[in-house]
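Structural overview
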Amino acid sequence: MSELEQGFLLAKVLLVDDRQDNLIALEAMLQGLPVEPVAVSSGEAALKRLMVDDFAVILMDAQMPGLDGFETAGHIKRRERTRHIPIIFLTAADRDARLALRGYAAGAVDYLTKPFDPWVLRAKVAIFVDLWVKTQQLRQQAQQWARLSGAAHDAVRLLEDPGLDDIERAREGLRAALPHDPEPLTRRTR
């Protein structure tokens, strides 16, 4: 049984900053939220992590050596697998409107300058995590519906001119497609 089927799903948050002290501070700010923070120290490392893990949100420093946050966001938004992940830029730069516009143009959903209120950041992360969990739940429900629809289609086909084996196969197919063990599907007697 998956985490989602158990009713619990831990969202991952990707933290990207070239300074270790900033990563530690971000992890501390997220404590108590139902998230697993994953910290990396470069844009290149972020892109590698995004190839193997799914993330609810990305908190990324805008100005890093090598591949900066803007360039990293550009790569993230060009990939089919990652383009939907919200990015919140964090930067120590002065409130330069051009940098904020560059961040939004790169695909960011928000752009916060340091020092920022940790409670505001937590609230923003919590919203994106909640949306991610709901999206995962909807995906699972859609998969269950597709399985059930397929099983119902197969059952109808088998029952068009049924023999005893066809009825049993239809019953078992429907039972296997249901998300939980239903009330016994046997004929009730009065």
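Thresholds, definitions, all that
- Residues numbered from 1 in each chain as written.
- Predicted model: local features only at pLDDT ≥ 70, side-chain atom pairs only at ≥ 80, totals over all residues.
- Heavy atoms only, no water.
- Helix = DSSP H or I, 4+ residues; strand = E, 2+ residues; numbered from the N terminus.
- Buried < 20%, exposed > 50% of the residue type's maximum accessible area, 1.4 Å probe, protein only.
- Contact = heavy atoms within 4.5 Å.
- Areas by Shrake-Rupley, 256 points an atom, 1.4 Å probe, with all protein chains shown as cover.
- Core = buried A, V, L, I, M, F, W, Y, C linked by side-chain atoms within 4.5 Å.
- Pairing = 2+ DSSP bridges.
- Right-handed = clockwise from strand over helix to strand, strands pointing away.
- Arc of directions from axis to C-beta.
- Polar contact = N/O pair within 3.5 Å; in protein donor to acceptor, adjacent residues only side chain to side chain.
- pLDDT = per-residue confidence, 0-100.
- Salt bridge = Lys/Arg side-chain N within 4 Å of Asp/Glu carboxyl O.

Turning our attention to the overall build of the chain. Along its length, the chain carries 6 helices and 5 strands. Along its sequence from the N terminus, the chain presents helices and strands in the succession β-α-β-α-β-α-β-α-β-α-α. Expressed as a percentage of its 190 residues, the buried residues of the chain come to 41%. Contacts in the chain between residues far apart in sequence, at least 24 positions, make up 60% of those at least 6 positions apart. Only carbon and sulfur atoms are counted for the fraction: they give 56% of the accessible area of the chain, which is about 11,600 Å².

This next bit is on the nonpolar core. Within the largest apolar cluster, 24 residues are counted, with the highest numbers of intra-cluster contacts made by L14, V16, I58, M60 and F89. Residue assignment for this core shows that the elements contributing at least two residues are β1 (11–16), β2 (35–40), α2 (43–50), β3 (57–61), α3 (69–78), β4 (87–91) and α4 (97–105). Not counting the four nearest positions on each side in its chain, M60 is found in contact with V16, G69, T72, A73, I76, I87, I88, F89 and L90. M29, V35, V57 and W132 belong to the second largest nonpolar core, which has 22 residues in total.

Position of V129 relative to the elements: it lies in helix α5 (residues 118–159). With residues near it in sequence (within four places) discarded, V129 still touches A11, V13, P34, V35 and A56.

Further remarks concern the pairing of β1. Extensive coverage of β1 is indicated by the burial of 6 of its 6 residues. Both faces of β1 are covered, namely the face carrying A11, V13 and L15 and the face carrying K12, L14 and V16. In this sheet, β2 lies alongside β1 in parallel orientation, the contact comprising 6 bridges. From the neighbouring strand, A11 faces β2, where its bridge partner is V35. Between β1 and its parallel partner β2, the chain crosses via helix α1 (residues 20–30), and the hand of that crossover is right-handed.

Right, let's talk about α1 for a bit. For α1, the complete set of buried residues consists of N22, L23, L26, M29 and L30. For α1, the angular spread of buried residues about the axis comes to 120°, placing them on one side. Residue G32 follows α1 closely and has a positive phi angle near 95°.

Turning to the side chain of S42, a few remarks are in order. Along the chain, S42 turns up in the loop between β2 and α2. In terms of polar contacts, S42 uses its side chain to reach the backbone amide nitrogen of A45, at 3.0 Å.

Confidence in the prediction of the chain, expressed as mean pLDDT, is 82, and 77% of residues score 70 or more. Confidence, read as mean pLDDT per element, is least for helix α6 (residues 164–177) in the chain (70) and greatest for β1 (97). The model gives residues 1–7 a pLDDT under 50, and that stretch makes 10 contacts with residues more than four places away or in other chains. Across residues 185–190 the pLDDT falls below 50, and counting only partners more than four positions away or on other chains, this stretch makes 4 contacts in the model.

Time to look at the pattern of salt bridges. Close approach of charged atoms lets side chains of opposite charge pair. Following the criterion strictly, the structure yields 8 salt bridges and no others. Put simply, D53 and R49 hold a salt bridge, and the shortest N to O gap is 2.6 Å. Assessed through its relative accessible area of 29%, R49 is described here as partly exposed. D110 is the partner of K124 in a salt bridge, and the nearest nitrogen-oxygen pair spans 2.4 Å.

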